[in-house]
Protein chains: 2
Amino acid sequence: MNEFEFLAALRHLPIHDGARDFHDDCAVLKLGNEHLILTHDMMAEGTHFRPDAKMGDVAWKLVALNLSDLASKGAEPIGLLLGHSLGDGDAEFLSGLHEVLTAYDVPMLGGDTIAATGASTFGVTAIGRATHVPVPSRAGAKPGDAIYTTGTFGRAMLGFEGRVDFQEAFNRPRPLLDEGRILAPKVSAMMDVSDGLMLDAWRMAKAGGVSFHLNPELIPVAAFDRFDECIRWGDDYELLFTLPAGHSVPIAASQIGKVMEASDSPVYLGGTALSDPESLGYRHG
Amino acid sequence: MNEFEFLAALRHLPIHDGARDFHDDCAVLKLGNEHLILTHDMMAEGTHFRPDAKMGDVAWKLVALNLSDLASKGAEPIGLLLGHSLGDGDAEFLSGLHEVLTAYDVPMLGGDTIAATGASTFGVTAIGRATHVPVPSRAGAKPGDAIYTTGTFGRAMLGFEGRVDFQEAFNRPRPLLDEGRILAPKVSAMMDVSDGLMLDAWRMAKAGGVSFHLNPELIPVAAFDRFDECIRWGDDYELLFTLPAGHSVPIAASQIGKVMEASDSPVYLGGTALSDPESLGYRHG
């Protein structure tokens, strides 16, 4: 099975209401007056990082991409559980882990450490507390809403390719926790952009049953001559969100388009319908 | 680093109070009036299961060993997050997952699916709700308490070796969730026995600052002629617990010894001090 077949099959298992049918970045678990936000992301050698990657960077990124999921819900992190495969770079891994935990003031809650053969695999479960209810979801964008993103796309791609000034963007992404919390009470929909702006915009439009009309001239990219790649490459971990018309934007962000009634395609770029989700972004495996 | 060096190093990271300093099976997170119980366990091909293992059994066991951690806290499962590496046996994996989720009435909350090269690694984060406060811990055994275990040790070992009547014990262990909930209000200490009775008894005695005096004639084993192996092999997932003297035992269990003041060794077996924790149980890597 590929990832999407497997995910489809998972939907036939008993599923918690808070799982949002696996159509969101996180599960939302109501407990008394609290809403817990839960997410689990993995990274594997050879798929998500190179065998020669600095393990301190791997630890940082593994935590950061889980925290980015919490950011997309406006959640405040409570703690992490780590699934760790022992390997040569353990001391560096721990050092990077210490740095990212300190940078975002997140403590460890537990986890498991194993000896594994072959390529290393790591997993993190991040647990957070919603700071605003209802908790933002991917669905919720309404015709007339304005579409925004933070940041600039393609930075991680350039870093991956070796551009010195973008190494940090690829190796040590910064989860937008503060921005997510500020946005949570305002947005009609929000998600983090992990798999490329086009694919994630497609998903958000589909989840809301609407079409996104994007203006390519308004999308900030790190390399103008490689616009198409910048908006399709993943790993930038910016926030994509929609705001009802007339609402002011409480953080630095770019309006890149407008939500319209659903039509032939969930995403239009400069008036052209995008039709093939496979071509829209970065997919692992 | 080996597992124990890595775990020691983890204690220098920022740690949540609920992590119990990584000296317990689970983290305990107080949220309003609820106590959430969190655990994460992994299984890797080549370390925890054979390359020719039935993937339905792997899925069952992966969930079961996480639920066994919840059982040791007397917790009621809320849901699971799965970290899954795609591979040949995915359909069987999903089928085993469906069986174990249904058997224990536990829904999926979310997770991540990745393509990974080489040996497969899987992780589960289990989340439960405490049914009794204070939540039982490994620490808490007091001199004078009686020491009990459920079940019979060595069954998983015999199943691993190919004995047909014990295959189920190795492949599809049964987490003692009902027993854990019944015991939680009564015990002074409780844990699940995943790494062998001797090693886990050692850990529980150390955590409580006491000595466990065990009577070998009272320890139920599946193969009398291989007593020493039966009490050191892991994967039986029974519950080990202590009760204050004079308390009746609310479930089927065997009294295997008595808690005494700390002395030279945390564990005495038939009057002989055990001194080398490395020799006490099963360790991965």
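Analysis parameters
- Residues numbered from 1 in each chain as written.
- Chains lettered and ligands numbered in written order.
- Predicted model: local features only at pLDDT ≥ 70, side-chain atom pairs only at ≥ 80, totals over all residues.
- Helix = DSSP H or I, 4+ residues; strand = E, 2+ residues; numbered from the N terminus.
- Rg over C-alpha atoms; globule rule 2.2 N^0.38 Å.
- Buried ≥ 20, exposed ≤ 12 C-beta atoms within 10 Å, placed from the backbone.
- Pairing = 2+ DSSP bridges.
- Axes fitted to C-alpha atoms, helices over the stretch in contact; angles between N-to-C directions.
- Core = buried A, V, L, I, M, F, W, Y, C linked by C-beta atoms within 7 Å.
- Contact = placed C-beta atoms within 7 Å.
- Least-squares fit on C-alpha atoms with pLDDT ≥ 70 in both.
- Right-handed = clockwise from strand over helix to strand, strands pointing away.
- Expected span 1.5 Å × (residues − 1).
- Nonpolar A, V, L, I, M, F, W, Y, C, P; charged D, E, K, R; others polar.
- Domains from an automatic or database assignment.
- Left-handed = near helix turned anticlockwise from the far one by under 90°.
- pLDDT = per-residue confidence, 0-100.

(A) Representation of the overall build of chain A in the model. Summing up its helical and strand segments, chain A has eight helices and twelve strands in all. Here chain A has a C-alpha radius of gyration of 18 Å; the compact-globule value for 285 residues is 19 Å, and the two agree. Taken over the C-alpha atoms alone, chain A extends approximately 50 × 50 × 40 Å along its principal axes. Burial statistics for chain A: of 285 residues in total, 56% are counted as buried.

(B) Quick look at the sheet that holds strand β8 (residues 210-214) of chain B. Residue and element names in this part refer to chain B. Here seven strands make up an open sheet; going across it, the order is β7-β9-β6-β10-β8-β11-β12 and the pairing mixed. Of all strands in the sheet, those bounded by a partner on one side alone are β7 (189-193) and β12 (272-274). Between one strand and the next, the sheet's axes are offset by a mean angle of 25°, whatever the strand orientation. Inspection of the sheet shows β8 paired to strand β11 (residues 267-269) by three bridges, in the parallel sense. The residue of β11 that forms the bridge with Leu-214 is Leu-269.

(C) Inspection of the nonpolar core at higher detail. Counting residues in each nonpolar core, the largest one holds 188 residues, and the members touching the most others are Val63(A), Ala201(A), Val63(B) and Ala201(B). The contacts of Val63(B), once residues within four sequence positions are left out, are Leu80(B), Leu97(B), Val100(B), Leu101(B) and Val124(B).

(D) Spotlight on the relation of the copies chain A and chain B. When chain A is brought onto chain B, the operation consists of a screw motion whose angular component is 180° and whose axial shift is 0.0 Å, with 0.0 Å RMSD remaining. The operation mapping one copy onto its partner corresponds to a two-fold rotation axis. Of the C-alpha atoms belonging to chain A, the one lying closest to the rotation axis is found on Gly118(A), 2.9 Å away. A shared binding surface is used by both copies, with 100% of the interface residues of chain A retained as interface residues in chain B.

(E) Local environment of the pairing of strand β3 (residues 75-85) of chain B. Residue and element names in this part refer to chain B. With ten of eleven residues buried, β3 is to be regarded as a mostly interior element. Looking at chain direction, β3 and strand β5 (residues 121-130) are connected through eight bridges and run antiparallel. Directly across from Ala-75, in β5, lies its bridge partner Ala-130. The pairing of β3 with strand β4 (residues 108-114) spans six bridges and is parallel. In the strand pairing of β4, Ser-85 is matched with Ile-114. Where the polypeptide runs from β3 across helix α3 (residues 90-103) and back to β4, its parallel neighbour, the crossover connection is right-handed.

(F) Representation of helix α7 (residues 197-208) of chain B. Residues and elements named next belong to chain B. The end-to-end C-alpha separation of α7 is 16 Å, in line with the 16 Å expected for twelve residues at 1.5 Å each. Within α7, eleven of the twelve residues are buried, leaving the element largely enclosed by the surrounding structure. Within the span of α7, buried status applies to Leu-197, Met-198, Leu-199, Asp-200, Ala-201, Trp-202, Arg-203, Met-204, Ala-205, Ala-207 and Gly-208. On its buried face, α7 sits against β6 (146-149), β7, β8, β9 (238-243), β11 and β12. Gly-209 sits one or two positions beyond α7 and adopts a positive phi of about 65°.

(G) Summary view of the interface of chain A and chain B. Taken together, the contact between chain A and chain B spans 60 residues of the former and 60 residues of the latter. Looking at the side of chain A that touches chain B, the elements with two or more residues in it are α1 (3-10), β1 (27-31), β2 (34-44), β3 (75-85), α3 (90-104), β4 (108-114) and β5 (121-130) of chain A. For the side of chain A that touches chain B, the residue count by class is 30 nonpolar, 25 polar and five charged.

(H) Broad picture of the domain arrangement of chain A. Residue and element names in this part refer to chain A. When the domains of chain A are assigned, the result is domain 1 (3-130) and domain 2 (146-279). Across the boundary between the two partners, domain 1 contributes 17 residues, which contact 19 residues of domain 2. If one sorts the elements of the side of domain 1 that touches domain 2 by residue count, helix α2 (residues 55-71) sits on top with ten residues. Across the side of domain 1 that touches domain 2, the residue classes tally to seven nonpolar, four polar and six charged.

(I) Structural context of the sheet that holds strand β1 (residues 27-31) of chain B. All names here are of chain B. Strand order in the open sheet formed by five strands is β1-β2-β5-β3-β4, and the pairing between neighbours is mixed. Looking at strand neighbours, the two that pair on one side only are β1 and β4, the edges of this open sheet. Here the average twist between neighbouring strands, direction ignored, is 20°. One ladder, built from nine bridges, connects strand β2 (residues 34-44) with β5; its direction is antiparallel.

(J) Highlighting the packing of α2(A) against α3(A). Residue and element names in this part refer to chain A. Packing of α2 against α3 brings their axes to within 6 Å, and their N-to-C directions diverge by 35°. Two packed elements cross with a definite hand, and for α2 against α3 that hand is right-handed. Of the residues in α3, those touching α2 at Met-55, Gly-56, Asp-57, Val-58, Ala-59, Trp-60, Val-63, Ala-64 and Leu-67 are Glu-92, Phe-93, Ser-95, Gly-96, Leu-97, Glu-99, Val-100, Leu-101 and Tyr-104. Residues belonging to the contact of α2 with α3 are distributed by class as follows: twelve nonpolar, three polar and three charged.

(K) Broad picture of the pairing of strand β10 (residues 254-261) of chain A. All names here are of chain A. When strand β6 (residues 146-149) meets β10, the two strands line up antiparallel, connected through four bridges. Bridged to Ala-146 within β10 is Lys-258. Summarising the sheet, strand β8 (residues 210-214) and β10 pair through five bridges and their orientation is antiparallel. Bridging from a neighbouring strand, Phe-212 pairs with Val-259 of β10.

(L) Spatial organisation of the confidence of the model for chain A. Taken residue by residue, chain A gives an average pLDDT of 93. The fraction at 70 or more is 98%. Model confidence for the complex: the whole-complex pTM is 0.94, and ipTM, which rates the interface, is 0.92.

(M) Structural context of the environment of Ser137(A). Residue and element names in this part refer to chain A. Relative to the helices and strands, Ser-137 is located in the loop between β5 and β6. Between the alpha carbons of Ser-137 and Asp-25 there is a distance of 8.4 Å; along the sequence they are 112 residues apart. With residues up to four places along the chain from it excluded, the contact list for Ser-137 reads Arg-20, Asp-24 and Ala-189.

(N) Summary view of unusual backbone geometry. Here the amide bond leading from Val133(A) into Pro134(A) is cis, since omega sits at 0°, within 30 degrees of zero. Its place among the elements puts Pro134(A) in the loop between β5 and β6. We note that Arg20(A) has phi near 50°; this positive angle belongs to a residue other than glycine. Topologically, Arg20(A) is positioned in the loop between α1 and β1. By the C-beta count within 10 Å, which is 20 here, Arg20(A) ends up buried. The backbone of Asp105(B) shows a phi angle near 55°, a positive value even though the residue is not glycine.

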